[in-house]
Every structure is written in C-alpha cells, then in structure tokens.
Amino acid sequence: MPEFSGAGRRPFPEKLLHALVRVRHTCRMTHPIWPLFDLRVVTPRIELRYIDDDIASELALLALQGIHDPAFMPFSIEWTDAPSPQMERNTLQYYWRCRADTTPAQWSINLGVAVDGEVVGTTSLMATEFPTLRQFETGSWLGRRHQGKGLGREMRVATLHLGFVGFGAHWATTGAFEDNAPSLGVTQGLQYTEVGRRRVVSRGQARMLRGYEMSRADFVDRLQRDDIQLHGVTDCLPLLGLS
C-alpha cells in the first residue's frame, strides 16, 4: 500500500500530550526480550493483542473459513487465493517475517482482534523511518462471519489510538480499492482526507487504489476517546527507535 504525505501540520496538541502522560501500563512486563508480546489495546467492545504463534494459528484458520467473496479481491497482495494448507502456512510465515524484520527503520505491528476472547480478525500498523516521519499506515481484515457488526470502525479507532497516543505519530494513512465499499465506508465515516489515487494490478487486471490520511490534530479533535486503554507501550518503544 502506498504512503501519502501532506502539508499544514499543526503543533503538538496539548490534549494529546496529556493523554500520552496518562497512557496506562497496568500489566507487568512478562516478555522482557520481546516486549511487543505484552502490547494490548482494550476498548469496551474489543481487545487488540500483539500476534504470537497461538493467535497467528487462530487467524490462519479464521481466514480459511473466509474473509471475502471469492469473486472479489480486497487485498493488494492476493494472499487469500492460495490453496489450503499453503494459505495457512503463508499466514504464519508472514507474521514470523514481520516479527523478525522489526527495526526502527521499518516495522509492521500486527494485532489480533478479540471479542469476548474470540479472535475475529486482525489490524496492523506499518511504518518506514517512523522516528523521523512519524507516519504509519493501517490495514485490517475481519472474518466474514464477524463482518457487518460495526467492529471495523471500532478496531480502526483503536489502531489509530495506539499510533497517535501510544507511539506519538503525526500522520496516519490508509488505502483501499475504489470498489471495496466496506473498507471505504469505515475510512470515509471517520472523515479521513483523500490524498491520491493510483492504478495497480490485481488478479491480472488494472484497479484503482484510493489513498487517505489523517493528522494527529484531527484525530485528537474528533475521534480520541477516554475509554481506550493501552498496555505495555512504554517497553516497546526502544524496539521502534523511540523513547
């Protein structure tokens, strides 16, 4: 997915500065070597948990049950077209690779989404040169049987909260194919700013990908909530080149 940049950046909002001070870390660190395993985001409806091997296996089996109509491809990488069991193995390998490739220069933080303890999907924050650019991209999917319940919006807001409040980002970006109505519905409902379109190849066909961004100040003004809790953030910051 592309990264989109913008202008007119405003100073660090006082409201967000106070929120950073209030970030909660109520869980004692249990993974000092890889503290990302302790990273969680909790809202009244869902919990985001950094993906370990158990969650990765649950997500692989959930994907096997279906994420989208087989006739439609919502992803820029056509990973769900792989046959079973290759798709499930590819899923595990992807999460292992993201974990192994985590550096301050480039990272993908993948989180399982749980409702009442059941894994229903995943959401990700991806960044390049984050300590300098302070920009991250989001991507996500829900198991097909969990769609249409408003979870997409809740997990996006929780992901933005982690990026802006937990990591101190200045900008968030996202993108979706112009015929991906559910994804665009979440993005447009949260009032991102559209910043560009480009053609990409998907299943051998040219398709239009629409890009959006949101500023930190916009998130704080409209979307920041006081019922979202962050756990384990501080211990993860050095892995991302932050302090």
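Shown above is the structure to which this text applies.
Residues numbered from 1 in each chain as written. Predicted model: local features only at pLDDT ≥ 70, side-chain atom pairs only at ≥ 80, totals over all residues. Heavy atoms only, no water.

**Section: the sheet that holds strand β5 (residues 135-142)**
Stated formally: Strands pair, by our definition, only if DSSP identifies at least two bridges between them. Helix and strand assignments follow DSSP, with helices taken as H or I runs no shorter than four residues and strands as E runs no shorter than two, numbered in order from the N terminus. Note on geometry: axes are lines fitted to C-alpha atoms, helical ones only across the stretch in contact, with angles between N-to-C directions running from 0 to 180 degrees. We call two residues in contact when some of their heavy atoms are within 4.5 Å.
Strand order in the open sheet made by the 9 strands is β7-β8-β6-β5-β4-β3-β2-β1-β9, with mixed pairing throughout. Both edges of this open sheet fall to β7 (193-202) and β9 (229-231), since each of them pairs with a single strand only. Across the sheet, the mean angle separating the axes of adjacent strands is 25° when strand polarity is ignored. The pairing of strand β3 (residues 106-115) with strand β4 (residues 118-128) spans 10 bridges and is antiparallel. Bridging from a neighbouring strand, V113 pairs with G121 of β4. Packing against the sheet, helix α2 (residues 53-65) makes contact with β2 (47-50), β3, β4 and β5, and its axis sits at approximately 110° to β4. Against the sheet, helix α3 (residues 86-100) engages β2, β3, β4 and β5, with an angle of about 130° to β3.

**Considerations on α3**
Filter applied, for reference: Expected span of a helix: the number of residues minus one, times 1.5 Å. Any residue under 20% of the maximum accessible area for its type is buried, any over 50% is exposed, and the rest in between are partly exposed; the area is computed with a 1.4 Å probe on protein chains only. The arc refers to the directions leading from the helix axis to the C-beta atoms.
Its 15 residues place the ends of α3 21 Å apart at the C-alpha level, agreeing with the 21 Å of an ideal helix rising 1.5 Å per residue. Along α3, the residues classified as buried are M87, E88, T91, Y95, C98 and R99. The buried side chains of α3 occupy one side of the element, clustering within an arc of 125° when seen end-on. Of the residues in α3, the exposed ones pointing more than 90 degrees away from the buried face are R89 and A100. The inward-facing, buried residues of α3 contact β2, α2, β3, β4 and β5.

**Quick look at the packing of aromatic side chains**
For any two aromatic rings, the description comes down to two numbers: the centre-to-centre distance and the angle of the planes. Heads up, the rule is: For this analysis, a ring pair means two rings from Phe, Tyr or Trp (six-membered ring only for Trp) whose centres lie within 6.5 Å, classed as stacked if their planes differ by under 30 degrees, edge-to-face if by over 60, and tilted for the remaining angles.
Under the definition given, this model contains 8 aromatic pairs. Each ring, one from W107 and one from F167, has its centre 5.9 Å from the other, and the planes form 70°; the classification is edge-to-face. Remark: F167 occurs in the loop between α5 (151-166) and β6 (171-177) and W107 occurs in strand β3; sequence separation between them is 60 residues. In this pair, the class of W107 matches that of F167, namely buried. Pairing F164 with F219 gives two aromatic rings, centres 5.0 Å apart and planes at 25°, and the pair type is stacked. Placement of the pair is F164 in helix α5 and F219 in helix α7 (residues 216-222), with a sequence separation of 55 residues. By relative accessible area, F164 is classed as buried at 0%.

**Description of the pairing of β7**
Pairing of β7 with strand β8 (residues 205-215), which is carried by 9 bridges, proceeds in the antiparallel orientation. What sits directly across from R198, in β8, is L209. Connecting β7 to the next strand, β8, in antiparallel fashion are 2 residues, including R203 with a positive phi near 50°.

**Focus: the pairing of β3**
Extensive coverage of β3 is indicated by the burial of 8 of its 10 residues. Sheet analysis places β2 next to β3, joined by 4 bridges and oriented antiparallel. By the bridge assignment, Y50 is partnered in β3 with L111.

**Some points on the side chain of E88**
The line we're drawing: Asp and Glu are treated as the negative residues and Lys and Arg as the positive ones, with His and the ends of the chain left uncounted. Salt bridge criterion: a side-chain nitrogen from Lys or Arg within 4 Å of a carboxyl oxygen from Asp or Glu.
Along the chain, the position of E88 falls in helix α3. One buried charged residue, E88, remains without a salt bridge, the closest side chain of opposite sign being R89 at 7.4 Å. Leaving out residues up to four positions away in the same chain, E88 has contacts with A60 and L64.

**A look at the side chain of E154**
Here is the rule: Here a polar contact is recorded for every N or O atom pair within 3.5 Å, except that within protein the pair must consist of a potential hydrogen donor and a potential acceptor, and residues adjacent in sequence are included only if both atoms are side-chain atoms.
For E154, the position within the fold is in helix α5. We classify E154 as buried; its relative accessible area is 10%. At 3.0 Å, the side chain of E154 and the side chain of R225 are in polar contact. Contacts of E154, omitting those with residues within four sequence positions, involve T43, P44, R45, I46 and R225.

**What to know about the environment of H31**
Relative to the assigned elements, H31 resides in the loop between α1 (14-22) and β1 (40-42). Since its relative accessible area comes to 33%, H31 is described here as partly exposed. H31 sits 204 residues away from D235 along the chain, and the two C-alpha atoms are 9.6 Å apart. Excluding anything up to four places from it in sequence, H31 contacts F37 and D38.

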